[in-house]
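Residues per chain are reported as follows:
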Amino acid sequence: MSGKSVSSVSSVSSESDRESYTGAPDEPHGPTPESYDVFRDPWGIPHLRASDELELARAQGRVTAFDRAWQLEVERHRAEGSSASFLGPDSVVWDRFARQSRLADTARLCYEAMEAADPATSAWVRAYVDGVNEGMAAGAARDERFARTGLAPSPWEPWVPLAIWVATHILFAGFPTKLWRERVARALGEETLTLFATDGPRIAGSNGWMVPGDRTTTGAAIIAGDPHRFIEDPGVYQQIRLSCPEYDVLGLAVPGVPGLAHFGHTGSAAWAITNAMSDYQDLYVERLRRVGDGAAVEALGPDGVWEPVARHTETIAVAGGDDVEVEILETARGPVIVHADGAPGTGAATDAATATDSRTGTGTAGSADGSTWTLSLRYPPRVRRDLGFAALPALLRARTVADIDRALDGWAEPVNVVHAADTEGGLLHRVAGAVPLRHDTNRLRPVPAWEPEHAWQGWAPTPAEPVQGFAVMANARGIASPLGVEFAPPHRADRIRELLSGSADWSPKAMADVHRDTYLASAEPLLALLPGFEELTPAAQELRTRLLAWDRRMEAGSTDATLFSALRTATVRRLAADPVFADLAGAPAGPAVFHPWLHLVPKIGYALEGLLTSSLVPELDRAAHVRAALEETAAANSPDTPWAEVHRLTPWQAVPDPDAPEWPGLGGDHDCVNATSSVPGFTDLTARASAARYVWDLARREDSLWAVPLGADGVTGTPHHRDQLPLWARCELVPVVTDWTRLTKESI
């Protein structure tokens with residue numbers, strides 16, 4: 001896509017927008033004119049200044065609703081499991097999972113606990129929700145998608161931000177991987193349980209690095225990085241500044257959630273996170289039975305006693321389709337998210353090895369992908385009744401690394417690796433979040449609910465390390481190793497360390513060069529097999545020579561990068577078709593929401609490096625498959641196609657825009673620092689990449705930089721909807737503006 005030219009006007013896209021934002025004078029809960037001010041920088045990024053932190057939270061909610069009403073309502077409905085009511089049948093899969101896993105109910109319970117134990121934080125969250133409710137009507141009036149889908153905004157309850165947070169992060173720990181491991185072990189043997197550990201991309205990853213002052217041009221620390229998520233339109237992060245007498249903080253907010261949970265700069269301190277890749281959710285295989293007239297359900301507990309199971313039904317309304325009734329069950333372990341085929345309903349029950357009738361104890365072999373299992377999910381927020389939201393206002397008030405450290409002691413979900421620095425020279429490198437202590441098997445696969453050794457036994461300590469030289473976090477093994485099973489390959493982390501080692505005079509602007517690096521170290525195992533092939537066709541010989549001379553950079557204009565990807569794709573597909581993997585090749589069963597973790601081709605694509613070098617599965621003739629893939633690639637592919645022509649951005653949109661210009665082509669790949677993930681063996685398109693980029697300068701905050709994939713405004717066609725896209729595609733960042741006199745004040 002050729003993005004819109006950079007605009008230097010205020011982000012209010014028209015005078016009618018400005019008027020609709022003002023609100024009626026008799027608005028019952030509207031803020032008084034002097035309670036807060038809204039400013040915009042040349043990129044339309046909101047800078048809010050309020051009389052106190054509650055008014056500031058209200059302002060954040062209202063401005064976010066004005067800018068991103070559609071996004072907020074989509075996320076609210078997804079959290080509540082009601083998105084099919086306006087998005088149609090394709091959304092039923094998610095809505096069923098959201099309801100069965102009790103996402104909204106968990107948020108309600110967490111908010112009620114917060115109200116009782118921490119009324120100050122609950123009031124702060126409520127103020128944000130008040131602002132959302134005040135701004136929603138004006139925001140919805142700006143966005144034609146409401147009329148197109150027939151969606152009418154409804155008032156938010158105070159717990160909705162917590163529900164959005166839970167729904168956003170429920171799959172971060174990748175618990176469906178446990179179903180895949182079980183399937184692999186059954187098909188190939190117990191010794192292959194982690195054969196497909198990539199440790200490959202999940203829902204989220206990130207790069208992050210912190211350079212102390214002795215390696216910068218200013219003598220103060222710099223923190224930089226980028227969270228990797230599925231790219232959505234509107235974007236999943238919102239650039240914003242929040243200022244009141246207590247603090248003045250800028251950073252990246254999650255729309256629908258107050259504060260700046262992941263990335264922020266208070267002026268004297270700054271912080272950033274990456275996914276720790278920790279394992280903190282468990283799947284339990286449940287034995288269930290119907291009792292009495294069938295309305296009651298019981299589960300076999302770890303003490304050998306049948307326990308009552310909470311049960312009710314809910315109805316999912318479906319636009320353009322029939323309503324769907326969903327049975328909601330919850331055992332003492334957690335919500336039932338996978339119902340065995342025909343159970344309950346028919347009395348079937350399951351254990352770790354068999355699908356067993358609950359009354360007779362007889363049955364048939366179970367399925368390793370959960371299709372004939374009954375599985376419950378145990379996850380920390382539902383157990384603890386706490387998301388750690390008290391950390392959010394505490395982070396805004398932080399002045400030092402010690403303040404940030406204390407705030408994060410109470411963090412719960414998700415589990416993150418944290419970098420922080422302050423103007424006094426303080427540095428922090430730690431893990432934050434709640435990870436249960438339990439049997440090692442829990443971390444690998446579904447475990448029997450009736451065996452007492454699989455119960456949770458408290459909470460693991462969160463590691464911290466002193467910062468020596470520079471600190472790097474890129475989802476690889478390291479500080480969080482004791483808390484996880486699979487991690488990202490070391491390539492991004494190693495490459496960042498290599499680049500940082502090349503200079504002792506880092507500046508904020510120089511950090512952009514680190515963000516854009518496209519070196520693909522994971523290409524080595526595949527390329528290493530090529531020299532051993534004899535009697536190749538001339539075309540294959542020429543391709544081999546070309547790939548071995550390639551600099552291994554997935555640059556946007558590189559034709560060699562395209563050829564390498566084609567070879568990789570052919571190799572993945574040939575490996576997937578090998579008879580050794582026949583039992584893994586079928587279409588996944590069980591809930592479709594877990595299918596991204598259960599398809600063979602993507603699993604091989606992400607694990608290719610390990611599969612080509614592993615001694616497991618010796619009957620797999622890797623060299624023969626690569627040789628055939630080389631011949632296939634040489635015969636079928638143009639030698640002159642730039643990588644960006646096939647490696648194009650494909651963001652998720654709840655309602656696709658039929659008139660959208662073509663999305664841009666990108667450099668990078670999933671193991672590059674510029675992590676624009678394709679799905680090797682399936683597609684060269686990318687839906688997962690940097691959801692934001694940031695550089696926090698501790699010497700002068702005004703020299704900090706940031707960028708998001710699209711822009712500050714969530715409304716299609718407005719000046720600031722996609723004005724950052726061309727820069728983001730080139731890994732360029734825009735300046736942070738902190739001088740109030742350089743901002744445009746809006747009328748409210």
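Some details on the nonpolar core
Phase 1: With 183 residues, the main nonpolar core has Phe196 and Phe581 as its most contacted residues.
Phase 2: A per-element tally of this core places helix H2 (residues 53–80) first, with ten residues.
Phase 3: Leaving out residues up to four positions away in the same chain, Phe581 has contacts with Leu188, Leu195, Phe196, Leu575, Ala576, Leu600, Ile604 and Leu620.

Topic: the sheet that holds strand E8 (residues 269–275)
Phase 1: In space, the nine strands of this open sheet follow the order E20-E19-E8-E7-E6-E5-E2-E1-E28, with mixed pairing throughout. Looking at which strands have only one partner, the edges of the open sheet turn out to be strand E20 (427–432) and strand E28 (744–746). Neighbour-to-neighbour, the strand axes of the sheet open up by a mean angle of 20°, direction not taken into account.
Phase 2: Where strand E2 (residues 46–50) and strand E5 (residues 238–244) come together, three bridges link them in parallel fashion. Bridge assignment links Arg49 to a residue of E5, and that residue is Ser243.

Quick look at the pattern of salt bridges
Phase 1: Per the counting criterion, the structure on display carries 49 salt bridges.
Phase 2: Asp405 serves as the salt-bridge partner of Arg430, at 2.7 Å between the closest nitrogen and oxygen. Taken as a pair, Arg430 in strand E20 and Asp405 in helix H12 (residues 401–408) lie far apart in primary sequence, 25 residues in all.
Phase 3: With relative accessibility at 5%, the residue Arg430 sits in the buried group.
Phase 4: What makes Asp405 partly exposed here is its relative accessible area of 26%.
Phase 5: Ionic pairing is found between Asp494 and Arg497, a salt bridge with its closest N-O pair at 3.5 Å.

Considerations on the sheet that holds strand E18 (residues 375–378)
Backbone hydrogen bonds hold the strands of a sheet together, and the pairing may be parallel or antiparallel.
Phase 1: Reading across from one edge, E14-E18-E9-E21 is the order of the four strands in this open sheet, with mixed pairing throughout. Every interior strand has two partners, whereas the edge strands, strand E14 (336–338) and strand E21 (447–448), have only one.
Phase 2: Where strand E9 (residues 282–285) lies against E21, two bridges are found, and the strand directions are parallel. Counterpart to Val285 in the pairing with E21 is Pro448.

Notes on H2
Phase 1: The end-to-end C-alpha separation of H2 is 28 Å, well short of the 40 Å expected for 28 residues at 1.5 Å each.
Phase 2: At Arg68, H2 shows its largest bend, some 100°.
Phase 3: By the N-cap criterion, in which a side-chain oxygen at the helix start approaches the backbone nitrogen of a residue two or three places on, H2 is capped by Asp52, the distance to Leu54 being 3.0 Å.
Phase 4: Positive backbone phi, approximately 70°, marks Gly81, located one or two places after H2.

Some points on the pairing of E2
Phase 1: Among the five residues in E2, four count as buried, and that is most of the element.
Phase 2: Two elements, strand E1 (residues 36–40) and E2, share five bridges in a ladder whose sense is antiparallel. Looking across to E2, one finds that Val38 is bridged to Leu48.
Phase 3: The turn joining E1 and E2, which pair antiparallel and follow one another in sequence, is formed by five residues; a positive phi near 80° is taken by Gly44.

What to know about the pairing of E1
Phase 1: For E1, the tally of buried residues reaches four of five residues, placing the bulk of the element in the interior.
Phase 2: As paired strands, E1 and E28 are joined by three bridges and run antiparallel to one another. By the bridge assignment, Val38 is partnered in E28 with Glu746.

Let's talk about the confidence of the model for the chain
Phase 1: Chain-level statistics for the chain give a pLDDT mean of 89 and a share of 90% at 70 or above.
Phase 2: Overall, residues 1–31 carries pLDDT values under 50, and its contacts beyond four positions in sequence, including any with other chains, amount to 70 contacts.
Phase 3: For residues 199–203, every residue scores under 50 in pLDDT, and the model assigns this stretch 26 contacts once sequence neighbours within four places are set aside.

Focus: the packing of aromatic side chains
A ring pair, where both rings are aromatic, is described by two values, the distance of the centres and the angle of the planes.
Phase 1: Scanning the model with the defined rule gives 17 aromatic pairs in all.
Phase 2: Look at Phe175 and Phe594: their rings are 5.5 Å apart centre to centre, the planes differ by 75°, and that puts the pair in the edge-to-face class. Within this pair, whereas Phe175 is found in the loop between helix H8 (160–169) and helix H9 (177–188), its partner Phe594 is found in the loop between helix H17 (559–576) and helix H18 (600–613), the two being separated by 419 residues in sequence.
Phase 3: In this structure Phe594 comes out as buried when scored by relative accessible area, which is 1%.

Here's the deal with the packing of helix H5 (residues 103–117) against helix H6 (residues 119–142)
Phase 1: For the pair H5 and H6, the least separation of the axes is 6 Å and the interaxial angle reads 125°. With respect to each other, H5 and H6 are oriented oblique. Facing Tyr111, Met114, Glu115, Ala116 and Ala117 of H5, the residues of H6 in contact are Pro119, Thr121, Ser122, Val125 and Arg126.
Phase 2: Looking at the contact of H5 with H6 residue by residue, the class counts come to six nonpolar, two polar and two charged.

Let's talk about the environment of Gly320
Phase 1: Note that Gly320 resides in the loop between strand E12 (306–316) and strand E13 (324–330).
Phase 2: For the pair Gly320 and Gly88, spaced 232 residues apart in sequence, the C-alpha to C-alpha distance is 6.0 Å.

Details of the environment of Arg215
Phase 1: In this fold, Arg215 is placed in the loop between strand E3 (205–211) and strand E4 (222–230).
Phase 2: Along the sequence, Arg215 and Asp551 sit 336 residues apart, while their C-alpha atoms lie 29 Å from each other.
Phase 3: Setting aside residues up to four positions removed in sequence, Arg215 forms contacts with Gly469, Phe470, Ser503, Ala504, Asp505 and Trp506.

A word on the packing of H5 against H8
Packed helices, taken two at a time, are described by the angle their axes make and the gap between the axes.
Phase 1: Their axes nearest at 8 Å, the elements H5 and H8 cross at an angle of 130°. Our classification of the angle between H5 and H8 gives oblique. For the element pair H5 and H8, the recorded crossing hand is right-handed. When H5 is examined against H8, the residues Leu103, Ala104, Ala107, Cys110, Tyr111 and Met114 are found in contact with a partner set consisting of Leu162, Ala163, Val166 and Ala167.
Phase 2: Counted by class, the contact of H5 with H8 contains ten nonpolar, no polar and no charged residues.

Description of the state of the cysteines
Phase 1: Under the criterion given, the structure shown has zero disulfides.
Phase 2: Of the cysteine sulfurs around Cys672, a residue in no disulfide, the closest is that of Cys731, at 10 Å.
Phase 3: On the basis of relative accessibility, which here comes to 0%, the residue Cys672 falls in the buried class.

Rules used in this analysis
Residues numbered from 1 in each chain as written. Predicted model: local features only at pLDDT ≥ 70, side-chain atom pairs only at ≥ 80, totals over all residues. Heavy atoms only, no water. Core = buried A, V, L, I, M, F, W, Y, C linked by side-chain atoms within 4.5 Å. Buried < 20%, exposed > 50% of the residue type's maximum accessible area, 1.4 Å probe, protein only. Helix = DSSP H or I, 4+ residues; strand = E, 2+ residues; numbered from the N terminus. Contact = heavy atoms within 4.5 Å. Pairing = 2+ DSSP bridges. Axes fitted to C-alpha atoms, helices over the stretch in contact; angles between N-to-C directions. Salt bridge = Lys/Arg side-chain N within 4 Å of Asp/Glu carboxyl O. Expected span 1.5 Å × (residues − 1). Bend = angle between axes of the 7 residues up to and from the residue. Polar contact = N/O pair within 3.5 Å; in protein donor to acceptor, adjacent residues only side chain to side chain. pLDDT = per-residue confidence, 0-100. Phe/Tyr/Trp six-rings, centres within 6.5 Å; stacked < 30°, edge-to-face > 60°. Parallel < 35°, antiparallel > 145°, perpendicular 65-115°, else oblique. Nonpolar A, V, L, I, M, F, W, Y, C, P; charged D, E, K, R; others polar. Left-handed = near helix turned anticlockwise from the far one by under 90°. Disulfide = S-S within 2.5 Å.

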